[in-house]
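Secondary and tertiary structure notes
Residues per chain, in single letters:
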Amino acid sequence: MDKHDAEQLCRLIDSQRWAALATIQDDDVPYVSFVAYATEPGVASVLLHVSRLSAHTGYALARPRVALGISAADDGQGDPQTLPRITLEGKVEIIGRDVSEYAVARAVYLAKLPTAEQLFGFGDFVLLRLKVETLRYVGGFGRAHTVSAGRWRQWAEELGI
């Protein structure tokens, strides 16, 4: 992976805030929904603030291996298959409201998504951390790479993201 693609990968994840979340239903059928997200600086993880009333939350908690799909926005011009996109794969865990890291994670999430503040007052919402293990990046035709979370973290740090 060249430096341009590494930078594009990091900037794509950091610049977006809406992604497709893939989970597995109880009957082993895939399920895709859309969620807001924020990245945690310095750690290869993504924060999701989701309602326990949503199907995807129940599926993610029952089977914590999930994938998050992020794409550059389609402006309706050109071939959409050339849009940069990435899939983050890993496991989700709840960040309990009673642990010290909750306040920091909440602040990171709200810095990216300030309109979500009211949702933190709802009892059915939980803050999840997706601990990314592997990333699959497609930067366009013939530019596909599998990257470890450690490499992503290193590149993001170098870029100051």
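Residues numbered from 1 in each chain as written. Predicted model: local features only at pLDDT ≥ 70, side-chain atom pairs only at ≥ 80, totals over all residues. Heavy atoms only, no water.

1. Digging into the packing of helix H1 (residues 3-15) against helix H4 (residues 149-159)
The cut-off we apply is this: Note on method: axes are straight lines fitted to C-alpha atoms, helices fitted across the in-contact stretch only, with angles between N-to-C directions ranging 0 to 180 degrees. Secondary structure elements follow DSSP: runs of H or I no shorter than four residues count as helices, runs of E no shorter than two count as strands, and numbering proceeds from the N terminus. Under this scheme an angle from 65 to 115 degrees is roughly perpendicular, one under 35 degrees roughly parallel, and one over 145 degrees roughly antiparallel; angles in between are oblique. Here, two residues are considered to be in contact whenever any of their heavy atoms come within 4.5 Å of each other. When residues are grouped by polarity, Ala, Val, Leu, Ile, Met, Phe, Trp, Tyr, Cys and Pro land in nonpolar, Asp, Glu, Lys and Arg in charged, and all others, Gly among them, in polar.
At a minimum axis distance of 10 Å, the contact between H1 and H4 shows a crossing angle of 85 degrees. Between H1 and H4, the angle falls in the class roughly perpendicular. For the pair H1 and H4, contact is made by Ala6, Glu7, Leu9, Cys10, Arg11 and Ile13 and by Trp152, Trp155, Ala156 and Leu159, respectively. Across the contact of H1 with H4, the residue classes break down as eight nonpolar, no polar and two charged.

2. What to know about the packing of aromatic side chains
Here a ring pair, both rings aromatic, is described through the centre-centre distance and the interplanar angle of the planes. Filter applied, for reference: Centres within 6.5 Å make a pair out of two Phe, Tyr or Trp rings, where for Trp the six-membered ring is used; the pair is then stacked when the planes are under 30 degrees apart, edge-to-face when over 60, and tilted otherwise. Accessible area is worked out with a 1.4 Å probe on protein chains only. A residue is then buried under 20% of its type maximum, exposed over 50%, and partly exposed in between. Ring-over charges, as used throughout, are those where CZ of Arg or NZ of Lys falls within 6 Å of the ring centre and within 35 degrees of the ring normal.
Scanning the model with the defined rule gives five aromatic pairs in all. For the pair Trp18 and Phe34, a centre-to-centre distance of 6.4 Å together with 20 degrees between the ring planes defines the contact as stacked. In this pair, Trp18 is assigned in strand E1 (residues 18-24) and Phe34 in strand E2 (residues 30-36), connecting sequence segments 16 residues apart. The exposed category is assigned to Trp18, whose relative accessible area is 54%. Against the face of Phe120 rests Arg106, its NZ or CZ located 4.9 Å from the ring centre.

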